[in-house]
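# Structure at a glance
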Amino acid sequence: GYAAGARILLDYCEDVYGAIEMLMSAEMWFEARRLAVLHNAKDMQASITDAAVTYAKNCLSDFESKGEKFLEANDRYAKVLVIRREARLAGVDVTEDINETGSLFSLASNASNSSVRTNMSVSSVGSLASVSSVISAGTVNSLSVINNQESIRHKSKFNKIGRKKKKKKATRRERIGTKPGSEEELKNLVWSLKGSIIDAEYSSIISETIQFLAQVDNVGVASELYQAYGILETLVINAITDRIELDNRTRITEEAKARKEGQVYEKVTLECEDEVNQLRCAKLPQVLKDMFVFA
């Protein structure tokens, strides 16, 4: 990767500055500073420190953004989880029967609505037939036919001749193309939750940045980065714990209600639940905790 590229620049091209800049772009602060000190590139030493400070500040904004995205995705995940469990329990995909609030329409309700629409349709045909029989031919002949230009000139809200049909503006969900409550939305939420935590690779870079800043007399920035990391770590744990506890209480209530009504309660658990419930930010090394124990 970057370390190998920097070695090539240094050994074969004798490009010290290019090698240092490549290491800086990989957030390899200690190795970049080692080369700068080794080759007496004092101007680059200051640049390395400035780059590390800038990176730390960008991380602070990123942590805040990740926290907001995680909370939003976690709340929606809890709702979609209930919908997908009901779908699994029913043995059908009920995405077509989900309204914006996430509730399910029963098949009986749909059948009833269909019946009403059918009756109304038959009734409408009969009514139209009756009305059309009353209208005389003389009345029809008295109606004058006008061209499109004339109709546009005397346009009313009932006269649509010559009027361009307005296109319905697509909703946000339609533009995204994901149906609310669908299996696809559930997968997207899982990916969003995973992407909103700090993985091992990112955590390793953060750890090196904190240690480097502390060594170059930027303890304040290092401490701020360490504290922000801890805040995001705690936010993720609390959000998941609260959701699990609420879900457990809801299930207990539903089971008690089902037993009271003489029904069999079946607990459904989806494949993604254990994985999502175990999501955590990667742990920072103990040496950092010891460093900021009194911070």
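Residues numbered from 1 in each chain as written. Predicted model: local features only at pLDDT ≥ 70, side-chain atom pairs only at ≥ 80, totals over all residues. Heavy atoms only, no water.

Further remarks concern the confidence of the model for the chain. Across the chain, pLDDT averages 80, with 70% of residues at or above 70. Predicted confidence for residues 95–148 stays below pLDDT 50, and this span has 25 contacts to residues more than four positions away or in other chains. Long-range and interchain partners of residues 150–158, a stretch whose pLDDT sits below 50, account for 11 contacts in this model, where long-range means more than four residues apart. (pLDDT = per-residue confidence, 0-100. Contact = heavy atoms within 4.5 Å.)

Further remarks concern helix α4 (residues 42–90). Along its 49 residues, α4 runs 69 Å from first to last C-alpha, staying within 8% of the 72 Å computed at 1.5 Å per residue. Once α4 ends, the next one or two residues include Gly91, with phi positive near 75°. (Helix = DSSP H or I, 4+ residues; strand = E, 2+ residues; numbered from the N terminus. Expected span 1.5 Å × (residues − 1).)

Quick look at the nonpolar core now. As a rule of thumb, nonpolar side chains are buried together in soluble globular proteins. Ranked by internal contacts, the top residues of the largest apolar core, which has 61 residues, are Ile20, Ile48, Phe63, Tyr77, Ile206, Ile210 and Leu225. For this core, the secondary structure elements donating two or more residues are α1 (2–11), α2 (16–25), α3 (29–38), α4, α9 (183–195), α10 (200–215) and α11 (219–260). Here this core takes 14 residues from α4, the largest share from any one element. Among residues more than four places away in sequence, those in contact with Ile20 are Ala32, Leu35, Ala36, Ala41, Met44 and Ile48. (Core = buried A, V, L, I, M, F, W, Y, C linked by side-chain atoms within 4.5 Å. Buried < 20%, exposed > 50% of the residue type's maximum accessible area, 1.4 Å probe, protein only.)

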